[in-house]
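Coordinate inspection notes
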Amino acid sequence: MAASELYTKEARVWIPDAEDVWKSAKLLKDYKQGDKLLRLELEDGTVVEHQLDPRTMNLPHLRNPDILVGENDLTALSYLHEPAVLHNLKVRFIDSKLIYTYCGIVLVAINPYETLPIYGTDIINAYSGQNMGDMDPHIFAVAEEAYKQMARDERNQSIIVSGESGAGKTVSAKYAMRYFATVSGSESEANVEEKVLASNPIMESIGNAKTTRNDNSSRFGKYIEIGFDKRYRIIGANMRTYLLEKSRVVFQADEERNYHIFYQLCASSNLPELKVLKLVSANNFHYTKQGRSPVIDGVDDAKELINTRNAFTLLGINDSYQMGIFRVLAAILHLGNVEIKDRDSDSSIIPPNNAHLTVFCDLMGVTYQDMSHWLCHKKLITATETYIKPFPKLQAINARDALAKHIYAKLFSWIVDHVNKALHATMKQHSFIGVLDIYGFETFEINSFEQFCINYANEKLQQQFNMHVFKLEQEEYMKEEIPWTLIDFYDNQPCINLIEAKLGILDLLDEECRMPKGSDDTWAQKLYNTHLNKCDLFQKPRLSNRAFIIQHFADKVEYQCEGFLEKNKDTVYEEQIHVLKLSKKFELLVELFQDEEQSVSPTEAQTGARTRLSVKPLKARATQSSREHKKTVGHQFRNSLQLLMETLNATTPHYVRCIKPNDYKYPFTFDPRRAVQQLRACGVLETIRISAAGFPSRWTYQEFFSRYRVLMKQKDVLSDRKLTCRNVLEKLIKDKDKYQFGKTKIFFRAGQVAYLEKLRADKLRAACIRIQKTIRCWLLRKKYLRMRSAAITIQRHVRGYQARCLAKFLRRTRAAITIQKFQRMYVARQRYRRMQDASLIIQCMLRGYVARQKYQQMVREHKAVIIQKMVRGWLARQWYKRSLEAIVYLQCCVRRMRAKRELKKLKIEARSVEHYKKLNIGMENKIMQLQRKVDEQHKDNKNLHDRLTNLENTYSSESEKLRNEVDRLRGTEEEARVNSNRITSLLEELAKLKKELEETQREKKTIEEYADKYKVETEQLVSELKEQNTLLKTEKEDLNRLILEQAQEMKEKMEKALVEETKQIECELNEERSRYQNLLTEHLHLEARYEDLKEEMTLTMVIPKPGHRRTDSTHSSNESEYTYNSEFAEREEEASRGPEDVPKAPLDMSLFLKLQKRVTELEQDKQSLQNELDRKEEQIHRIKATEEEQRNRARGAELEYESLKRQELESENKKLKNDLNELRKVLSEKPTAAISAPGSPAYKVLLDQLNASNEELEVRKEEVLILRSQLVSQKEAMQHKEDKETMTEAMFYAEDLQKMKDSGEITQAYLGLKEVNRSPPKDYHELNEDGELWMVYEGLKETNRLLESQLQSQRKGYENEAEVLRGELQSLKEENNRQQQLLAQNLQLPPEARIEASLQHEITRLTNENLYFEELYAEDPRKYQFYRISLYQRIIDLMEQLEKQDKTVRKLKKQLKLFAKKIGEMGVFNQVENVSPGQIVDEPIRPVNIPRKEKDFQGMFEYKKDDEVKLVKNLILELKPRGVAVNLIPGLPAYILFMCLRHADYLNDDQKVRSLLTSTINGIKKILKKRGDDFETVSFWLSNTCRFLHCLKQYSGEEGFMKHNTTRQNEHCLTNFDLAEYRQVLSDLAIQIYQQLVKVMDSILQPMIVSGMLEHETIQGVSGVKPTGLRKRTSSIADEGTYTLDSILRQLSAFHSTMCQHGMDPELIKQVVKQMFYIIGAVTLNNLLLRKDMCSWSKGMNIRYNVSQLEEWLRDKNLMTSGAKETLEPLIQAAQLLQVKKKTDEDAEAICSMCNALSTAQIVKVLNLYTPVNEFEERVSVTFIRTIQIRLRDRKESPQLLMDSKQIFPVTFPFNPSSLSLETIQIPTSLNLGFLTRV
């Protein structure tokens, strides 16, 4: 079709991208022819323009529809190209967490770098037997395909695993081998598969190392051939290795390690046995520290060494050889630390006493001098002389490293050889499957010889792969008979020729190695000269003359020539090897080099990596080099590779390509660039290209019709599907070259399916739009009509409502105006009055305030004037005083100054004579004048003094006046202040008084309110008290009723707790039973294996029969001298003794002893489980006995007399039995007529004893009655308290018991209560047929009753009870004395009077006691009620004891009558013998006796001992179940066998009983072994075995099994033997048959389940078929021979009808049906979890419909209560999960609550696998899945993904008694059992 049709708007394409390699984009407009630009929109919304290549004009790759994304097979994609492949792998790996994908015949495996739970045994079982295309891609699917093709085609197979380092090759190969070991098993049971798997840890330790890309990288290639016998079971294996990387021994790059084994030894150097190796840390050895990464995270090297040693041991390498290996490895490490120093420029030397060399020599057993000498020297041999030449230091170091590499290579080869010996098959190999784990294409920055060889090998493998793919394509076209045209594919033969042809790279390399002075440079030059410019695949780098480039199929690789010659020659010197070979202390070292001189043939060079030396002796010819190999490494590798290719070409190959998603080992992280590189390198894209070149899409005609029916018109549909498809395709696709019609399929070119899907989607979209349009129109019109009608109705009501509201509003408005008028008037008046009152108050207060303020102002002014006056006067006086003082002081100073001046002047004058003279002149006058002046001065002073005194007096008086005035003023001021303060205080006091007055008024009001309230409350209280007083009686009644209700609730709670505990115990019991049955299954399997081994060894052993113990007829015991299981132990003992006398067969006796030990362990486990059950039973019995003992201890000494009487009666009964035994013995020993004659003494003695026994029995019976009446009165008094405490449960029967008046009602109550207390529940046998759980239930019930009684006793007072007990004790003592007196009196009376007196006394006593207790409990009727109940309980207990005694008496009477009857018959016989013949004729014949003997059969069949073999043969071995089931009664063989057993028991022949039971059991086992795969046979014998087991229980004589028997059936019970242990053996046999029945059903149902439940489209048209790839996919369209759901239902009905015809127990049928439904549900769910194509919405609908059909079948068969429906719950929830909405958080919450039967792993798996079938469905987002995981992370559950479809529920065999009487059974003639006589 034209590009314009595909490249339209909205079409999605892929465009190149530098980071993501390819990006998705969407066209924004249609493409037109000639456009050079495409306008695209990326996923992030960016708009870009894509430029087309102008030369090619190639359009970008189209993207596949979303419906095809995530397909299991890449070839199913419509558009096959690189971006589609890459995107599909990324979606599966990142979104769905799926690491496996098919690409045609190739399985692509992406390393998740995370441990996934997809490799368990359950997954292996799920893939076993499945077609490769039916399940999701998996390594197990490839392994299964190889295994099936090996068996079907009788052709050897190969699985080729390749990939980069770190891609997971080794792990994939390991899982493939594990699959073969699991599904095939081994012939000899010699653990061959374990040995094959055990070789992995050995090879990983010596051949794997840490690299920068992988922590466990295989540094060698290996091809393991797993051998199978004719039955395709593993018998052995063989391993070939290729190109070991020896250089790693002496050199490691950064972040890398040496081989693991070195680090394991260093980590375990502290072990005692390894001390001799003198190892230390790996950081101390040169060969282990160069990578500077000695530790791998998460790996414990010490533990890994333990695993390695265990693997060595398992493969037969003993401890001495292991120590030898460790010595060699340690010696290599020490050799690397040997220091070599320069002696001069041309020689070197090792210092003497080098510690590491000394250890090396000690470990290797060589001399120090020789080794140190030859490490630094070499020997040159010429024609005439021999020279010893020293090494330079560098050459000596290289020689040392070469020796270390050579030793390690030898050791590696030796280990591989011994592993192959251990895996070697002891018998002839029929076929094999090879697993090739080989290195993938490698390219590094520096590529050397190793990478060259690896890439050479990958070139060869790629060529083989291309040829195989091309061949398969051609075969498919030829098969379908479509035109075949040659498809061009890449042929890499030119590259292979460049490497291996004549004058190729390897040839030139070998030639250069043979040259004396050859070097890497000369070899590189030869390469340039030979191939440069002559071969397009060979190139030379521009900047190097020592490198070359080869164009491989995957990529160009540049190789550095340096080291090629040295690695190819791998030189090691003969002298060093010779020194090692001379070691006499180390045998392993000699063994390593013993084949040194042998030539290496291609067949011997299988290991490839083992470097064969050609070391010659000293006398070798000089023409040959004595230091080099005859064959180079390259030559050996080419030969081994050629041998590998021949092997692969002779097998059918299967390819696994491992992809490394990123270089950082991040889990689930996808690097597109790295992935594309590996896809190109591993050939996946080449497969895609070859497929795309032809017709990659293939459809069957039916699938095409079902998918594209929507594109056809009705007239196009014809009866012939092929013609219909042809006509439609011719209309849809015009270009006929785009498709071809084959015989069964239609072939399409690439892109055509996408075009058809587009047409289909468009058609469906148009139809959906039309349907939506019509539906929406109809819905909207209906909605419009409803809305119109509703609107009219609403309008009518609204309008009426509005009118009413308007009228109402008008009325309300008028009324409101009137109300407002009066209200406003009232409000205005009130406001005016308030304002008036407020104004008056304000004015009053304001005027008062102003007057007070004015008065205060006047007072303040008056006071201020007075103060000012006083202050101003005082200030004036003070100023005057200060001024006066200052003036006086100033005058004094002036005068003093003048006087001083005058005095000075006078002193000067006085010093002179004139002065003295002048001075004396007039002195006297002056003196006189002075005297006069003095007198005057005195007078003046006196006057002044008087004036001063007057002034002072005046001043003092004036001051006093002023002071008095001031004091008066101060007093006035103080008085004024006091008055003002007083006014303030008075005002405050007034305010305070006002407040107090207000508070007093409020308090008064409060008190009045409180008084009113108190009065009301008092009245209410009085009324309430009156009401309470009136309700006291009703409350009392309510309390009493509440107590009863609480008691009822307590009982219900206890019952619920009891039910829960019962369920828990039932679960524990089921677990124990399941464990026991599993052990029994394993035990039986080992037993069968044991029998096979015995047959193979032809051992004739006499198997002792299991014994049983003979017991008394009236007793049964649980003990036995022998158990049936003991025969197995005896078999083992004889088997262990047998080989001493028998020649040893070719068998592994260690295995035989292991089996014996395992059988013993299983028997011990079984016995321990049985002991545990017995211990639990004994513990329960002990508890009951302890309780009984406590009750007996509480009865006191008053009952001793009665117990003595009871013991006396029992002893008398025993005596009577002994007499009967003696009579039996006499009759058996002397049955002669003379002794037994009627008149003989012996006859009289017998009659006398018989009469005496009858009389004694009558007397004893009467004594029992009397004793019982006495016991009633004694026991009820002693047990009164105990009965009160235990009557909690009985109180509910009180009302019914009170109504009982006479003894008949008491008897009825006794029988009913006995039935309630003693009979087990209806499901008693469902819990446990042996009664253990019922005993536990009874114990728990008793415990609950005790707890209830304690709870009741705590509620009662002890004071009243103590008084009552004292009174009762006194009355009991009196009553006891009275009873003893009456008993003594009664014993003296005759029997008739004794009984009458005792009854009369009992009536009187009961009457008195009733009256007494009525008076005692008159006030408390409840106590009286309890007393009545306890009385009835005591009566019931006494009647039980009486019934037991009566039963014993009846039994003895029956035996006496039997003996009397025998005696009578013997007497009649003797009389007949004594009559003469004539009398006989005349005597009338008594014909009554003859028919009575014929009719009175005893339900037994008599047979002879010799007929036992014939009985087993005719009744078991040769019996046809179909005839018996159709014509005869069900279980007839079981009844016949039991009747024969009854006769052996009747004869008291223990040997016959033992022989019959053992033969029966062995016969059933034999027929099941012979015809164990026939459902009818297994069902028939399961039914008969259960019936036989039920007969042994029903007629065992045990009371628990006899209660459903009739009287006649009880007479048929076994009398002499206790066969309880044989019942256990039969129960085990029934379990074995049940498990075999389940296996048969499983084998029949398994092929039907997946096809009928999943693949078949029950609801036609719901699910569509998706496009498929090259892998075969099972069609959902039912063809002939395909199983459907109806097939399953028919098979289930056949199973059910067969089991019903065989008379199988209904409960057992329910268990079988439950197991069948579990198998159906588990297998269906497991396949759903492993098939991505089944996880869709439509498939969920189909599953739910199928499940509903199964439920309908259960209803039809009345099996809904069997629990079968519950087993389908996980499948139902998975189907619901497929259909529910999966978007929002609410959806996640709903899913978490809905899927409670599914585990988290299963839910996440279903969501990851969910695949839309149509484009209208949406995928589940990763975010939603993570939300689910977060919500479910707190769940505690098993991480297992799949259900265990092999699980078998523990089976129980509930006791089902038969109503058939044995005497009515007759033997049909068709059974050929005429030798049996009916007794």
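Residues numbered from 1 in each chain as written. Predicted model: local features only at pLDDT ≥ 70, side-chain atom pairs only at ≥ 80, totals over all residues. Heavy atoms only, no water.

Let us look at helix H22 (residues 672-682). Burial of H22 is extensive: eight of the eleven residues sit out of reach of the surface. Considered for burial, the residues of H22 that qualify are Pro672, Arg674, Ala675, Val676, Gln678, Leu679, Ala681 and Cys682. Looking one or two residues beyond H22, the residue adopting positive phi is Gly683, at roughly 95°. (Buried < 20%, exposed > 50% of the residue type's maximum accessible area, 1.4 Å probe, protein only. Helix = DSSP H or I, 4+ residues; strand = E, 2+ residues; numbered from the N terminus.)

Okay, the packing of aromatic side chains next. On inspection of all chains with the given rule, the structure shows 37 aromatic pairs. Between Phe391 and Tyr573, the aromatic rings sit 5.2 Å apart at their centres with planes inclined by 50°, giving tilted as the arrangement. Taken as a pair, Phe391 in the loop between strand S16 (386-390) and helix H13 (393-423) and Tyr573 in the loop between helix H18 (564-569) and helix H19 (574-581) lie far apart in primary sequence, 182 residues in all. Among the residues examined, Tyr573 registers a relative accessible area of 13% and is labelled buried. Chaining the aromatic ring pairs together yields one cluster made of Tyr119, Phe140, Tyr147, Tyr175, Tyr179, Phe180 and Phe228. (Phe/Tyr/Trp six-rings, centres within 6.5 Å; stacked < 30°, edge-to-face > 60°.)

Okay, the pattern of salt bridges next. All chains considered together, the criterion is met by 42 salt bridges. When the shortest N-O distance is used, the salt bridge between Glu245 and Arg248 registers 3.3 Å. Arg248 carries the same exposure label as Glu245, and that label is buried. Across the salt bridge formed by Arg1571 and Asp1574, the nearest N and O atoms sit 3.5 Å from each other. The exposure class of Arg1571 is partly exposed, given its relative accessible area of 25%. Salt bridges sharing common partners tie together Arg219, Glu245, Arg248 and Glu256. (Salt bridge = Lys/Arg side-chain N within 4 Å of Asp/Glu carboxyl O.)

So, about the pairing of strand S19 (residues 547-551). In regular strands, side chains alternate between the two faces of the sheet. Of all five residues that make up S19, four are buried, and the element is covered over most of its length. Pairing geometry for strand S18 (residues 538-539) and S19, over two bridges, is antiparallel. Counted as the bridge partner of Phe538 is Ile550 from S19. Bridging between S19 and strand S20 (residues 556-560) involves five bridges; their strand directions are antiparallel. Considered in S20, the bridge of Gln551 is made with Lys556. The loop that links S19 with its antiparallel partner S20 comprises four residues. (Pairing = 2+ DSSP bridges.)

Take the confidence of the model for the protein next. Averaged over every residue, the pLDDT of the protein is 78; residues scoring 70 or more account for 73%. Per-residue pLDDT, averaged within each element of the protein, yields its smallest value for helix H41 (residues 1477-1482) (36) and its largest for helix H7 (residues 260-267) (94). Here residues 1099-1151 is modelled with pLDDT under 50, and outside its nearest four sequence neighbours on either side it reaches 101 contacts, counting other chains as well. Contacts from residues 1305-1311, a stretch scored under 50 in pLDDT, to residues over four places away or in other chains number 13 contacts. (pLDDT = per-residue confidence, 0-100. Contact = heavy atoms within 4.5 Å.)

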